[in-house]
Amino acid sequence: MPLSDVTVTIDLVKPSGLVGLGKPLILAQKTGTSFIKNYSDITAVKEDFDESTNAYKKAAAIFAQSHRPKELSIATYDPGVTGTEGTEEGTEETGSAEPSGITTAAKAVEKYFWNDWFFALTADAEQADKIAVADYVEGQKFKLYVVKTQSESERKAFKEKKYEFVIDFYHPTADEEADAALVGECGSQTVGSITWKFKTLTGITPIDITSDELNAIHQDGAIAYVMKAGISQTSEGIVVSGEYIDVIHGKSWIKTNIETSVQTAFANNPKLSFDSRGISVLEGQVTTVLKQAFTNGIIAADSDGNPIYSITAKSRDDIPADERASRIYNGLSFSFDLAGAIHEATITGEIGD
């Protein structure tokens, strides 16, 4: 986990230099030393992964989208590795001794979790390894894992866990990377500006299902790619628990940007005094992030168009003496109303004689 002097906790209450959080990570099987590397186009990916590999196909689906990210990362693992191996950190080939090899996608996501990426995808993992990746990501409660399932039994295995940080894209077409296409199209758009429902994905074919079958998919906490009103589109925008993707994504955006902004304030000031002057600086950093969250579409507007959020900052006198002596300020809190999105509408009209 990155070093930080700032901890932000957000409890979701219903009703009641910023980080983008859109970069994909493909977890791929590859013989040899584990590494993580950034790629800005599919040509660069081809230098390390042949066109026949699942990693290449996932990357191609990402880069094919209209709102593709500037770059993606691929992290590798080798099931055949035993004993000690060197691993590569960041985007450069630097080795360090590991007590055991990176042999599964789950071990790879754990190893590289705090690298610069937000959406994990698995290229070669079997079902048990996918569940292990989901378990690890869910335990961190920050980034998202997007998994492609191809059967009802696979869907239900994820449904049982009620994951809040896992997106299940049910797409039984074997040679189409719907999960990667979804991340490529939606992941790098401004957090809060879109819902993940109604999105058209390049290179993905809608599945032919009935309304009852689609409802069963949604009941399993999964989404699908369907045709509605002659338009190919994602059927929903939910994570496995049933919460909306843009809510979870927006929550993570606010958390990480407040942490980053406040940590930057600590670094850029000679000292933040433990009084109204220092406290006002911290309050100002939180206010700036919440204003941007409103602009992005994460935070709702009232009837006058003003953002619905509040910030409370305790004064020095309200902080216990032992906390002041330890230079720990725990007096800043905030709340906001989510903007949400309209996913369905019922419209009533009258026709006169």
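Please read all numbers here as calculations on a predicted model, not as lab measurements.

### As for the environment of Ala 300
(1) Moving on: Following the sequence through the fold, Ala 300 ends up in the loop between α9 (276-296) and β12 (309-313).
(2) Moving on: Once residues lying within four places of it in the same chain are set aside, the contact partners of Ala 300 are Phe 294, Asn 306, Pro 307, Ile 308, Asp 337, Leu 338 and Ala 339.

### Here we look at helix α2 (residues 54-63)
(1) Moving on: Burial of α2 is extensive: seven of the 10 residues sit out of reach of the surface.
(2) Moving on: Of the positions making up α2, those classed as buried are Ala 55, Tyr 56, Lys 58, Ala 59, Ala 61, Ile 62 and Phe 63.
(3) Moving on: The elements touched by buried residues of α2 are β1 (24-29), β2 (36-39), α1 (42-48), β3 (72-77), β6 (119-122) and α6 (178-186).

### Here's the deal with empty space enclosed by the protein
(1) Moving on: Of the volumes computed, that of the largest cavity is approximately 40 Å³.
(2) Moving on: As for the largest cavity, its lining consists of Cys 186, Gln 189, Thr 190, Val 191, Gly 192, Ile 194, Trp 196, Asp 246 and His 249.
(3) Moving on: Of the residues that constitute the lining of the largest cavity, the class distribution is four nonpolar, four polar and one charged.

### Section: the nonpolar core
(1) Moving on: Judged by nonpolar contacts, the single largest core of 83 residues is most densely connected at Ile 26, Phe 49, Tyr 145, Phe 158, Ile 167 and Leu 182.
(2) Moving on: Dropping the residues within four chain positions of it, Phe 49 is found in contact with Ala 28, Lys 30, Phe 35, Tyr 39, Ala 55, Tyr 56, Ile 74 and Thr 76.
(3) Moving on: Counting residues in hydrophobic clusters, the runner-up holds seven residues, among them Tyr 170, Ile 207, Ala 222 and Val 226.

### Section: the pairing of β3
(1) Moving on: When you tally the buried positions in β3, you get six out of six residues, the bulk of the element.
(2) Moving on: The alternating pattern of β3 places Leu 72, Ile 74 and Thr 76 on one face and Ser 73, Ala 75 and Tyr 77 on the opposite face, and all of these are buried.
(3) Moving on: As paired elements, β1 and β3 share five bridges and run parallel to each other. Opposite Leu 25, over in β3, you have Ser 73 as the bridge partner.
(4) Moving on: Summarising the sheet, β2 and β3 pair through four bridges and their orientation is antiparallel.

### Details of the packing of aromatic side chains
(1) Moving on: In the structure shown here, the tally under the stated rule is 12 aromatic pairs.
(2) Moving on: Pairing Tyr 39 with Phe 49 gives two aromatic rings, centres 6.5 Å apart and planes at 70°, and the pair type is edge-to-face. Here Phe 49 lies in the loop between α1 and α2 and Tyr 39 lies in strand β2, a separation of 10 residues in the sequence.
(3) Moving on: The buried category is assigned to Tyr 39, whose relative accessible area is 1%.

### Some thoughts on the pattern of salt bridges
(1) Moving on: Under the defined criterion, the tally for this structure stands at 15 salt bridges.
(2) Moving on: Here Lys 23 and Glu 71 are joined by a salt bridge, their closest N and O atoms 3.1 Å apart. Linking Lys 23 in the segment before β1 with Glu 71 in the loop between α2 and β3, this pair joins segments that are 48 residues apart in sequence.
(3) Moving on: Residue Lys 255 pairs with Glu 259 through a salt bridge whose shortest N-O separation is 3.0 Å. Separated by four residues within a single helix, Lys 255 and Glu 259 lie in helix α8 (residues 245-268), roughly one turn from each other.
(4) Moving on: When salt bridges with common partners are traced through the structure, they connect Glu 152, Arg 155, Lys 156, Lys 159 and Asp 220 into a single cluster.

The rules behind the values
- All residue numbers here refer to positions counted from 1 along the written sequence of the relevant chain.
- It should be noted that, the model being predicted, local features are given only for residues of pLDDT at least 70 and side-chain atom pairs only at 80 or more, the latter also being counted only at that level, while totals for whole chains, interfaces and linings use all residues.
- Calculation of side-chain values draws on the structure's entire complement of heavy atoms; hydrogens and water are dropped beforehand.
- Numbering goes from the N terminus for both helices and strands, where a helix is a DSSP run of H or I of at least four residues and a strand is a run of E of at least two.
- Only heavy atoms matter for contacts: two residues are in contact if any of them lie within 4.5 Å across the pair.
- Relative accessibility thresholds used throughout: buried, under 20% of the residue-type maximum; exposed, over 50%; partly exposed, between the two (1.4 Å probe, protein chains only).
- Here a cavity denotes grid points, spaced 1 Å and computed from the protein atoms alone, that fit a 1.4 Å probe unable to get out, and a pocket denotes an open set having protein on both sides within 12 Å along at least 5 of 7 lines; residues with an atom within 4 Å of a point are the lining.
- Grid points are joined across faces, edges and corners, and a volume is the space filled by probe spheres set on the points.
- In this classification, the charged set is Asp, Glu, Lys and Arg, the nonpolar set is Ala, Val, Leu, Ile, Met, Phe, Trp, Tyr, Cys and Pro, and all remaining amino acids, among them Gly, are polar.
- Throughout this description, the term nonpolar core refers to a set of buried Ala, Val, Leu, Ile, Met, Phe, Trp, Tyr and Cys residues connected via side-chain atoms within 4.5 Å.
- When DSSP finds two or more bridges between two strands, those strands count as paired.
- Classification of ring pairs rests on two measures: the distance between centres of Phe, Tyr or Trp rings, Trp counted by its six-membered ring, which must be within 6.5 Å, and the angle between planes, read as stacked under 30 degrees, edge-to-face over 60 and tilted in between.
- Any carboxyl oxygen of Asp or Glu that lies within 4 Å of a side-chain nitrogen of Lys or Arg is treated as forming a salt bridge with it.

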